[in-house]
Every structure is written in C-alpha cells, then in structure tokens.
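# Secondary and tertiary structure notes
Residues per chain, in single letters:
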Amino acid sequence: MKNIKRFLLLILCFAMLFSASIPCLAADTDAVYTPQIVSRGSRILTRNETIQLLQDKVGLSLADAVKRYNEIASDGEEIITAERWVTVDIGMEYFIEVGCLVEMECGSRCNYGEVLEKWSEAVGDGVYTWNPFYVYVTVEGIGNDELRFRTRGTIEVEISRSSAAGFEAAGFTISGSIGTNYICRKTVSIDETLYPGMS
C-alpha cells in the first residue's frame, strides 16, 4: 500500500512539474516585447508635403505619389491631410515608428476621416531589417477623435560578437550568425491609442 501511495505521489509530482513548465516553454518560443511610447507627433500637411510623405513613408515614386494625391482629392474639393505617428524605443538605440496619413474633417471642430495610408518602420544604426506581420491604424472614439495604432513584427540586427551580451540583456535573442557576426532578433508588439489633446 505504501508503495502504491509513493508511486501515485511520484506521478503527481511529475505532472505538476510538467504543467508548470509548459507556460515557460511557450513564452520562450514566442517571446514578445511590449515597449512604451517615447514620442508621438502630428502635423497638418500641404499638398506638396502630402506628396513628399507618400514618397518617404509609403515608398511611392513621385509620379505615383502625385497620382495617389489626385485620387484622394478626386472630388475637386480641397482636402486637409495630417500625419500622425507614435515612436517606441525597443532597446539598443533601435526605434519603431507606426504612422498614418489621415484625412481631417473640419467644421466647428476637426475630427479624423479616412485613414489613407499607414506604415511601420524601424530606425537604428548598422545592418538591420524590420519585418512587420501586420500594421493597422483605425479611427475610434465617439466623435472619431481617436487613432489606434497596432503593429507586430520582428527586428533582426547584425552585430559583432562583442555586442552580443548587451543585446541579450535588452531582450534580443541570438538566432544565427554570418561569418564572425551574430544575428539578433526581437519580436515587438505595439498597441497604442492617441486620444484628443495628445500631440
């Protein structure tokens, strides 16, 4: 009888250890870093500034940017556009910006109309790539006066071996190597809402 109790106790202990380890394994295979906003901004754009933004942020050629602007203002009425963005610090002097080009609807007050374009991009030094899984910018709030920015992706940075400890301390993981250099990566999720009065 004692042997049976010991055997059952042993099985119970193994079951508890196994169940406790599952969340840890899941966290390791899908580690996500959720950063804080370090800056946010907004500016009303002229026609030429809108065309320039379509080139710089969306990657259109000058001809395509002019064509896109003409599509936006196709009804012949003057259109007011604005750029809004948030920037987050993901460590080791790398930043992710999520932004949009949005139409403004102004009467007695200005609210957001249609989100015309959206993007997310990484900023930093050296060799790196930002691979966004998705980018969403939506107009929200009772008065269409809020913008919600959402993106998720992975940044991969090529670093020297001597920098590896610093990147690992900042939440990056070593995912490979190129010659004498390492490839570090970090998965980042951003979900931030800009409310009225936030600039």
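All of the points below concern the structure found in this document. (Residues numbered from 1 in each chain as written. Predicted model: local features only at pLDDT ≥ 70, side-chain atom pairs only at ≥ 80, totals over all residues. Heavy atoms only, no water.)

One open sheet holds the four strands; their spatial order is β1-β2-β3-β4, and the pairing between them is antiparallel. Strands with a single pairing partner mark the edges of an open sheet, and in this sheet they are β1 (37–45) and β4 (110–123). Taken pair by pair, the neighbouring strands of this sheet meet at an average axis angle of 15°, ignoring direction. Alignment of β1 against strand β2 (residues 80–91), held across eight bridges, turns out to be antiparallel. By the bridge assignment for β2, Arg40 is matched with Val86. This element, helix α2 (residues 47–56), spans β1, β2, β3 (94–106) and β4 of the sheet and lies at about 135° to β1. (Pairing = 2+ DSSP bridges. Helix = DSSP H or I, 4+ residues; strand = E, 2+ residues; numbered from the N terminus. Axes fitted to C-alpha atoms, helices over the stretch in contact; angles between N-to-C directions. Contact = heavy atoms within 4.5 Å.)

Strands sit in the order β5-β6-β8-β7 across an open sheet of four strands; the sheet is antiparallel. Each edge of the sheet is formed by a strand with only one pairing partner; in this case those strands are β5 (127–140) and β7 (173–178). Adjacent strand axes in the sheet meet at a mean angle of 20° when their direction is disregarded.

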